[in-house]
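Chains, contacts and geometry: an overview
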Amino acid sequence: MALDLSEFQPRSMLHLPETKVARSRFPVIDVHTHLSFSASSRNGVALGEKMRYLAPPQELLRVLDRKNIRTMVNLTGGVGAGLEEAIRKYQTPYPGRFLVFAEPWWGRASEPGYSRFQADQIERAHRAGARGLKIVKTLGLYLRERTTAGPLVKIDDPRFDAMWETCGSLGMPVAIHVSDPEAFFLPIDRFNERFEELNHHPDWSFYGKDFPSNAELLEARNRVFERHPKTQFVALHVGNNAENLAYVSACMDRFPNMHVELAARIGELGRQPRAARQFFDRRQDRILFGTDAVPHGVETPQQVFGDELYEIYYRFLETEDEYFDYAPAPVPPQGRWRIYGLGLPEGILRKVYYENAARLLGLSTL
Ligand SMILES: [Zn+2]
């Protein structure tokens, strides 16, 4: 009998303890969430200042209080007047509960004088209260010399140097998403471990066409880290190479200004629990807690903001439970495997949940 892969939903017959972790052991700063997005974009490039909002603060605060989350960082705060609006909506009325990051004006990157303009806009964002800068994978994978046409703009293009430097001098950390999982750069075929996910979202594939390789993208990113040592970078999604922790760790050796966060990668970390545990032991001062939570983001089950999502992260970090789902979904959405808890000691948990992020963001420690 042939069985369609999409219908296969095996249930584990293991009899093992299941620990419910309703609240984190220590207060949490979630450094990677999305509460707003640019209202308009073309071919992966956000355009204009208008924003759309995914949930009102009151709705979010109920979950934050239940889950012991002190602060939620909204990375995609936008630009200009839209950014100022996002700050007024979340950050100003709820001090310390929501922080908002600015984004670059990607739509203007091909205009003359952009370098100076963008650096000035970072200063404007800082005056408005923005706490950092977010770089989406637009840089390296979507932004082109004529915005949506022409050759791809390189991650280490010198037109951004003034922007990186200004962030450094203003103490604004840069949360940077570069590249994507290794499997997204391979053919969508029966050998691809993310087959179902890519088959579902073929637009996430960067195989072929004129896309650089994953390694080229990461090396361009590294040249930015190297050229701007006074700027603090948070390489999102475990430096977007959680499949290769040895590489991530080597990069962190080379660049003391490089930090990482966990969002949407506990599926990777949790399937290699011994390597991951070593990584946490060695890098405990530069790992931040993040989830990539999106309120009502049902398209990507590993990111749906809510109690269930946080309980999975807490279970992964705090317990030694074995072979459990890394996302609230009937089929693991980022590859068909399950994960193992790390059972981190209190000292590391405190740093990862709160202290490392508080230090970078200039918040009071506990
Ligand atoms: Zn994200």
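Residues numbered from 1 in each chain as written. Predicted model: local features only at pLDDT ≥ 70, side-chain atom pairs only at ≥ 80, totals over all residues. Heavy atoms only, no water.

Quick word on the coordination of the zinc ion
Every protein donor of the zinc ion is listed here as His 32 (NE2), His 34 (NE2) and Asp 292 (OD), and their distances to the metal cover 2.1 Å. In the primary structure, the donors to the zinc ion are separated according to the pattern H-x1-H-x257-D. Of this pair, His 34 sits in the loop between β1 (28–33) and β2 (36–38) while Asp 292 sits in the loop between β14 (287–288) and α12 (307–318), placing them 258 residues apart in sequence. For the pair His 34 and Asp 292, one class covers both residues: buried. (Donors = N, O, S within 2.8 Å, 3.2 Å for Na, K, Ca; no water. Helix = DSSP H or I, 4+ residues; strand = E, 2+ residues; numbered from the N terminus. Buried < 20%, exposed > 50% of the residue type's maximum accessible area, 1.4 Å probe, protein only.)

What to know about the nonpolar core
Ranked by internal contacts, the top residues of the largest apolar core, which has 108 residues, are Trp 164, Phe 280 and Phe 289. When residues in this core are grouped by element, the largest group, nine residues, is from helix α13 (residues 346–361). Discounting chain neighbours no more than four positions away, the residues touching Phe 280 are Leu 262, Leu 269, Ile 287, Leu 317, Leu 342, Leu 344, Ile 348 and Val 352. (Core = buried A, V, L, I, M, F, W, Y, C linked by side-chain atoms within 4.5 Å. Contact = heavy atoms within 4.5 Å.)

Remarks on the environment of Pro 333
Within the element layout of this structure, Pro 333 appears in the loop between α12 and α13. For the pair Pro 333 and Gly 267, spaced 66 residues apart in sequence, the C-alpha separation works out to 9.4 Å.

Comments concerning the side chain of Thr 33
Topologically, Thr 33 is positioned in strand β1. Overall, the relative accessible area of 0% leaves Thr 33 in the buried class. Filtering out sequence-adjacent residues up to four positions away, Thr 33 remains in contact with Met 72, Val 73, Asn 74, Leu 75, Thr 76, Thr 291, Asp 292, Ala 293 and Tyr 310.

Notes on the packing of helix α1 (residues 57–67) against α12
Put simply, α1 and α12 touch, their axes get as near as 10 Å, and they point 30 degrees apart. Classed by the angle they form, the pair α1 and α12 counts as roughly parallel. Viewed along their axes, α1 and α12 form a crossing whose handedness is right-handed. Between α1 and α12, the contacting residues are Val 63, Arg 66 and Lys 67 on the first element and Asp 307, Tyr 310, Glu 311 and Tyr 314 on the second. The residue makeup of the contact of α1 with α12, split by class, is three nonpolar, no polar and four charged. (Axes fitted to C-alpha atoms, helices over the stretch in contact; angles between N-to-C directions. Parallel < 35°, antiparallel > 145°, perpendicular 65-115°, else oblique. Left-handed = near helix turned anticlockwise from the far one by under 90°. Nonpolar A, V, L, I, M, F, W, Y, C, P; charged D, E, K, R; others polar.)

Examining the packing of aromatic side chains
What describes a pair of aromatic rings is the distance from one ring centre to the other and the angle between the planes of the rings. By the definition in use, this model includes 23 aromatic pairs. Relative to Phe 160, the ring of Trp 106 lies with its centre 6.0 Å away and its plane at 70 degrees, an arrangement referred to as edge-to-face. Within this pair, whereas Trp 106 is found in the loop between β7 (98–100) and α3 (114–128), its partner Phe 160 is found in the loop between β10 (149–152) and α5 (161–170), the two being separated by 54 residues in sequence. This pair shows no difference in class: Trp 106 is buried, exactly as Phe 160 is. Residues Tyr 142 and Phe 206 carry aromatic rings whose centres are separated by 6.0 Å and whose planes lie at 70 degrees to one another, so their mutual orientation is edge-to-face. Here Tyr 142, found in the loop between α4 (138–141) and β9 (144–146), pairs with Phe 206, found in the loop between α6 (195–200) and α7 (214–227); they are 64 residues apart in sequence, far enough to count as distant. Note on Tyr 142: relative accessible area 21%, which makes it partly exposed. Ring pairing ties together the aromatic residues Trp 106, Tyr 114, Phe 160, Trp 164, Phe 225, Phe 233 and Phe 255, which thus form one cluster. The ring of Trp 337 is capped by Arg 271, whose NZ or CZ atom sits 3.7 Å from the centre of that ring. Cation over ring: Arg 315 sits above Phe 324, and NZ or CZ is 4.1 Å from the ring centre. (Phe/Tyr/Trp six-rings, centres within 6.5 Å; stacked < 30°, edge-to-face > 60°. Lys NZ or Arg CZ within 6 Å of the ring centre and 35° of its normal.)

It is worth stressing that arrangement in space is one thing and function is another; only the former is reported here.
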